[in-house]
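# Geometric and topological summary
Residues per chain are reported as follows:
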Amino acid sequence: QVQLVESGGGLVQPGESLRLSCAASARSFSSYFMAWYRQAPGKERELVASISRFHNTNYADSVRGRFAISRDNSKNTVYLQMNSLKPEDTAVYYCNANLAGALSWGQGAQVTVSS
């Protein structure tokens, strides 16, 4: 199982930016399908963005054009750049690693967007 450690969460005002990082302890990190999910209070966990081993990306409609997922295989790290943040982006953000169906989750990073 892969250990995932998220960082970069915090409290920001609407319209500001944050970058989340997820460091993975995986020998073959480049082979993993990586994703960011989020869960707001009282809501189900939802997929925010994903990136394949070939760097193909996919986004939820609610964040497309504002968020960008990327990966640096030399650092075993995946990033989520979040711009033009809105109050409805407030949630705990989780990093997810998938290798042939075997899933690993990080502990989560709180992102709060409030004026």
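Analysis parameters
Residues numbered from 1 in each chain as written. Predicted model: local features only at pLDDT ≥ 70, side-chain atom pairs only at ≥ 80, totals over all residues. Heavy atoms only, no water. Salt bridge = Lys/Arg side-chain N within 4 Å of Asp/Glu carboxyl O. Helix = DSSP H or I, 4+ residues; strand = E, 2+ residues; numbered from the N terminus. Buried < 20%, exposed > 50% of the residue type's maximum accessible area, 1.4 Å probe, protein only. Lys, Arg positive; Asp, Glu negative; His and termini not counted. Polar contact = N/O pair within 3.5 Å; in protein donor to acceptor, adjacent residues only side chain to side chain. Contact = heavy atoms within 4.5 Å. Phe/Tyr/Trp six-rings, centres within 6.5 Å; stacked < 30°, edge-to-face > 60°. Lys NZ or Arg CZ within 6 Å of the ring centre and 35° of its normal. Pairing = 2+ DSSP bridges.

### Regarding the pattern of salt bridges
Here the structure, examined in full by the defined rule, presents four salt bridges. In this structure, the salt-bridge partner of Arg38 is Asp89, at a minimum N-O distance of 3.0 Å. Of this pair, Arg38 sits in strand E4 (residues 33–39) while Asp89 is found in the loop between strand E8 (77–82) and strand E9 (91–99), placing the two residues 51 residues apart along the sequence. Across the pair, Asp89 and Arg38 agree in class, each one buried. The residue Arg64 makes a salt bridge to Asp61 at a minimum N-O spacing of 2.6 Å. Ionic contacts of the salt-bridge type, sharing partners, join the residues Arg38, Glu46, Arg66 and Asp89 into one network.

### Brief notes about the side chain of Arg71
Here Arg71 is to be found in strand E7 (residues 67–72). Among buried Asp, Glu, Lys and Arg side chains, Arg71 stands out as unpaired, with Asp72 the closest opposite charge at 8.5 Å. Polar contacts involving the side chain of Arg71 include one to the main-chain carbonyl oxygen of Phe29, which spans 2.8 Å. A polar contact is formed between the side chain of Arg71 and the backbone oxygen of Ile51, at a distance of 3.5 Å. Discounting residues that sit within four places of it in the chain, Arg71 has contacts with Phe29, Ser30, Tyr32, Met34, Ile51, Ser52, Arg53, His55, Thr77 and Val78.

### As for the packing of aromatic side chains
Geometry of an aromatic ring pair is reported as the spacing of the ring centres plus the angle between the planes. Counted according to the given criterion, the structure contains one aromatic pair. Taking 5.0 Å as the distance between ring centres and 65° as the angle between the ring planes, the aromatic pair formed by Tyr37 and Trp105 counts as edge-to-face. A residue pair is termed long-range when its members are at least 10 positions apart, and Tyr37 in strand E4 and Trp105 in strand E10 (residues 102–105) qualify at 68 residues. We classify Trp105 as partly exposed; its relative accessible area is 34%. We note Arg71 situated over the ring of Phe29; from NZ or CZ to the ring centre the distance is 4.8 Å.

### Description of the pairing of E7
Here E7 shows a buried face lined by Phe67, Ile69 and Arg71 and an unburied face lined by Ala68, Ser70 and Asp72. Relative to E8, E7 is paired through six bridges, and the arrangement is antiparallel. Paired with Arg71 across the strands is Val78, a residue of E8. Between E7 and E8, which follow one another and run antiparallel, lie four residues, and Asn76 among them has a positive phi close to 50°.

### Some details on the environment of Ser114
Of note, Ser114 is situated in the segment after strand E11 (109–113). Exposure remark for Ser114: the relative accessible area of 38% places this residue in the partly exposed category. In this structure, the C-alpha to C-alpha distance between Ser114 and Tyr93, residues 21 residues apart in sequence, is 16 Å. Apart from residues lying up to four places away in sequence, Ser114 is in contact with Leu11, Val12, Gln13 and Pro14.

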